[in-house]
Amino acid sequence: MAVTDILNKKNLTRQDIIALLRAEGDDLKLLFDRARQIREQNFGRRVYYRAIIEFSNICRKDCLYCGIRRSNKHLVRYDLDDELILRAARFAFDNGIYSLVLQSGERTDRAFAQRIAHLVRKIKQMSGGKIGITLSVGEQDFQVYKYWYEAGAHRYLLRIEVSDPRLYPLYHPWDDLHKYDRRLECLYYLKDIGYQVGTGVMIGLPLQTLGNLADDLLFFKRFDIDMLGMGPYIEHNHTPLYSYRHLLIPLRKRLILTMKMNAILRILMPDINIAATTALQAIDQMGREKALDIACNVIMPNITPDHRQDYLLYEGKPCTDEGGDACVQCLNKRLEIYRLKPIMQDWGDSPHYFKRTSTPVR
Ligand code: SAM
Ligand code: SF4
């Protein structure tokens, strides 16, 4: 079927999505134009900022792709002081960014749970309740997620990484800490508690097929997700998956594939928040802005005050050598080039969250 016909369909099948993922030349332009049209109908040229603080690289897990995995000894482990984190939050607030993401490696001890709740309360207090807080600190028990929600966090990012349970063990150790079912269960917990829930996958993993990616998109739709962050997988030399780099498609192709995934997702789910992820910029200087121009509506300036070079998830991670100030200023200028409009002093919630009423059947 021709791409124009597919784009005119009400519901896209797995086969349709695979055909769109294969689109090139004029067909690719048609796909991008349709995604842009839907983005503009729902968000205009608006872009929401989320200032991200990568406050610790200490992690109990060993995901085979990740540069800060527990077994990697080639980096300095850090955990920023509360005071530094609060100062960074204040910096965001003073610069009109009212949406903050706290991200780290995974820890599940009691002290960690209490500390996060404390930080959330402190940030809320400091901003008079004006800063909206997103957490991204991995898999936790229901009670812990609830505790943080009650402390004031209202969004949570937990990528499923690969949506097919049969593929999950290809990219994770085979032990009780790395279970697909647990990760999925956590996504249900978050939804049940009332968080705006974000998930995502990596694109271009070794052995991943277009069929797998189509399944990922259908998973997001079925799960009725509020926010999405998909990025190209980028190899890191101190990880086990690095040995399979000969199976990878070139970085440029991973970039285009990510753009296509974002565009198709925008068509499938017009009113969700889709982030232009940092990994896009690792491949193309203007990767994030290009993604925002077509389908995405969220960008996450990194305002981590220290230790950026120790949060290297993958090779060539951008902006590891500048401060938060430089990062925000630089972004504002970049958006202007694409006539994109940063929305300040706004939480930039997912419109989809407020519209969704149904809970998926488990
Ligand atoms: N530890 C938390 C978790 O896993 O949910 C949050 C932090 S983790 C570093 C954030 C995301 O980084 C992961 O969900 C994963 O998709 C991404 N990531 C890790 N290694 C990557 C790589 N080599 N290339 C691209 N993305 C990567
Ligand atoms: Fe830890 Fe998250 Fe990296 Fe996995 S992806 S090793 S959980 S930081």
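In this report, we go over the structure that sits alongside the text.

Membership of the largest hydrophobic core comes to 114 residues, with the highest contact counts inside it found for Leu100, Tyr145, Trp148 and Phe220. Of all the elements, helix 9 (residues 251-268) adds the most residues to this core, at nine residues. When sequence neighbours within four positions are dropped, the list of residues in contact with leucine 100 reads Ala51, Ile53, Ala89, Ala92, Ile123, Ile131, Gly132, Ile133, Thr134 and Ile303. With eight residues, the next largest nonpolar core counts Phe43, Val101, Met300 and Ile343 among its residues.

Structurally, leucine 64 can be placed in the loop between strand 2 (51-56) and helix 4 (82-94). Looking at leucine 64, the relative accessible area reads 17%, which means it is buried. Remark: the alpha-carbon pair of leucine 64 and asparagine 332, spanning 268 residues in sequence, is separated by 35 Å. Dropping the residues within four chain positions of it, leucine 64 is found in contact with Arg69, Leu170, Tyr171, His172, Pro173, Thr239, Pro240 and Leu241.

Quick look at helix 9 now. Taking 1.5 Å of rise per residue, the 18 residues of helix 9 would be expected to cover 26 Å, and the 26 Å separating its terminal C-alpha atoms lies within 8% of that figure. The element helix 9 is largely enclosed, with a buried count of 14 among its 18 residues.

A cluster of nonpolar side chains, Leu170, Leu207, Tyr244 and Leu247, forms an exposed patch at the surface whose accessible area comes to about 390 Å². Relative to the assigned elements, leucine 247 resides in the loop between strand 8 (227-232) and helix 9.

Here the focus is the environment of arginine 166. Topologically, arginine 166 is positioned in the loop between strand 5 (153-157) and helix 7 (180-193). Here the alpha-carbon distance between arginine 166 and tyrosine 180, two residues 14 residues apart in the chain, equals 8.9 Å.

The environment of ligand 1 is formed by 19 residues, the closest being Tyr65, Arg159, Glu161, Arg183 and Ile234. In the model, a nitrogen atom of ligand 1 is placed 3.0 Å from a nitrogen or oxygen of the tyrosine 65 main chain. Between ligand 1 and arginine 159 there is a distance of 2.8 Å, counted from an oxygen atom to a side-chain nitrogen or oxygen. Here ligand 1 has 560 Å² of accessible area as a free molecule, and 92% of this is covered by the chains.

As for its placement among the helices and strands, histidine 154 is situated in strand 5. Residues within four places of histidine 154 in sequence aside, it is in contact with Gly132, Ile133, Tyr149, Tyr195, Gln196, Trp347 and Asp349.

This next bit is on the site of ligand 2. Taken together, Cys59, Lys61, Cys63, Tyr65, Cys66, Ile68, Arg69 and Gly105 form the complete shell of residues around ligand 2. When grouped by side-chain class, the residues that make up the shell around ligand 2 number five nonpolar, one polar and two charged.

With phi around 60°, aspartate 224 is a residue other than glycine that occupies positive phi space. Positionally, aspartate 224 belongs in the loop between helix 8 (210-223) and strand 8. On the accessibility criterion, aspartate 224 (14% relative accessible area) is buried. In the Ramachandran plot, arginine 339 falls in the positive-phi region, its phi being about 55° despite a non-glycine side chain. As for its placement among the helices and strands, arginine 339 is situated in the loop between helix 12 (324-337) and strand 11 (341-343).

About the thresholds
Residues numbered from 1 in each chain as written. Chains lettered and ligands numbered in written order. Predicted model: local features only at pLDDT ≥ 70, side-chain atom pairs only at ≥ 80, totals over all residues. Heavy atoms only, no water. Core = buried A, V, L, I, M, F, W, Y, C linked by side-chain atoms within 4.5 Å. Buried < 20%, exposed > 50% of the residue type's maximum accessible area, 1.4 Å probe, protein only. Helix = DSSP H or I, 4+ residues; strand = E, 2+ residues; numbered from the N terminus. Contact = heavy atoms within 4.5 Å. Expected span 1.5 Å × (residues − 1). Patch = residues over 30% accessible without salt bridge, like charges linked within 9 Å, V, L, I, M, F, W, Y side chains within 5 Å. Areas by Shrake-Rupley, 256 points an atom, 1.4 Å probe, with all protein chains shown as cover. Salt bridge = Lys/Arg side-chain N within 4 Å of Asp/Glu carboxyl O. Near = heavy atom within 4 Å. Polar contact = N/O pair within 3.5 Å; in protein donor to acceptor, adjacent residues only side chain to side chain. Nonpolar A, V, L, I, M, F, W, Y, C, P; charged D, E, K, R; others polar.

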